[in-house]
Amino acid sequence: MKKIALIIIAVLFLAGFSGCENGEGTDDYGFAYIYMPQATGSGGLNNNYYVPSGDSTYTYNFKIDADKNELQILLGVLRSGDLSNAAYSVDIIARTDTTAQIISDGLVENGMIFPASLYSLPQKVEVAANESGAGFYMAVPVEALKNDSYTDKKLVLTVGLANPSRFELSATNTNTVVILDVNAIRAHLP
């Protein structure tokens with residue numbers, strides 16, 4: 001009886017291995033939703049993105065492009081799931097209505113709506129087939145930030161995603177509230 005039980009167990013064990021095909025570990029998996037990783041920085045409390053984010057060179061979320069004389073704030077798009085050969089694009093928009101509501105509600109101390117003449121954003125971000133995301137910059141002229149009218153201000157702009165060419169936008173984290181602390185960033189300007 002023990003012999004028969006061992007044979008049955010051995011057959012079932014070998015049958016389990018034969019059911020696995022080579023390459024299954026590389027199959028696509030997960031849910032494909034597009035979001036902005038910068039919107040997740042607070043761990044779900046809000047989607048605020050403070051610039052600068054810290055004093056260490058390892059926490060910088062911006063760079064200064066000396067050739068263009070502009071501050072470049074790092075932003076990006078990301079797709080969840082692991083999908084091969086899945087290129088996509090998404091539009092980048094400024095949500096001025098959301099920004100105005102944040103300012104009118106007093107949610108950012110010394111907050112001021114980012115003047116439209118003071119920044120530029122790409123209209124669209126393209127993500128390659130073998131990538132899950134891509135970065136882009138919100139550009140701000142360095143000289144404009146030295147203007148006295150921005151002293152002690154936090155410039156606020158809600159940057160959002162729209163019209164994905166493929167996949168769906170996530171139900172959350174598709175808007176990032178960029179909060180530029182002018183006084184803090186001036187220490188980094190040339």
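For the structure, see preceding data.
Residues numbered from 1 in each chain as written. Predicted model: local features only at pLDDT ≥ 70, side-chain atom pairs only at ≥ 80, totals over all residues. Heavy atoms only, no water.

Draft legend 1. Seen up close, the overall build of the chain. Along the backbone of the chain there are four helices and 11 strands. Within the chain, the proportion of its 190 residues that are buried is 33%. When contacts within the chain are restricted to residue pairs at least 6 apart in sequence, long-range pairs at least 24 apart make up 76% of them. A total of about 11,100 Å² of accessible surface is found on the chain, and carbon and sulfur atoms cover 54% of it. (Helix = DSSP H or I, 4+ residues; strand = E, 2+ residues; numbered from the N terminus. Buried < 20%, exposed > 50% of the residue type's maximum accessible area, 1.4 Å probe, protein only. Contact = heavy atoms within 4.5 Å. Areas by Shrake-Rupley, 256 points an atom, 1.4 Å probe, with all protein chains shown as cover.)

Draft legend 2. A look at the packing of aromatic side chains. Enumeration according to the criterion identifies three aromatic pairs in this entry. Measuring from ring centre to ring centre gives 5.7 Å for Phe-114 and Tyr-119, while their planes differ by 85 degrees; the resulting arrangement is edge-to-face. Each of the two residues, Phe-114 as well as Tyr-119, counts as buried. (Phe/Tyr/Trp six-rings, centres within 6.5 Å; stacked < 30°, edge-to-face > 60°.)

Draft legend 3. Summary view of the pairing of strand E5 (residues 88-94). Counting buried positions along E5 gives five out of seven residues, so the element sits mostly inside the fold. Bridge count between E5 and strand E7 (residues 124-127): four bridges; the pairing is antiparallel. Bridge pairing in E7 links Asp-91 to Lys-124. As judged from the four bridges shared by E5 and strand E9 (residues 154-162), these two strands associate in the antiparallel manner. (Pairing = 2+ DSSP bridges.)

Draft legend 4. Fine view of the pattern of salt bridges. Taken as a whole and judged by the stated rule, the model has two salt bridges. Here Asp-91 makes a salt bridge to Lys-124, at a shortest N to O gap of 3.4 Å. In this pair, Asp-91 is assigned in strand E5 and Lys-124 in strand E7, connecting sequence segments 33 residues apart. Here Glu-143 makes a salt bridge to Lys-146, at a shortest N to O gap of 3.4 Å. Looking at Glu-143, the relative accessible area reads 48%, which means it is partly exposed. (Salt bridge = Lys/Arg side-chain N within 4 Å of Asp/Glu carboxyl O.)

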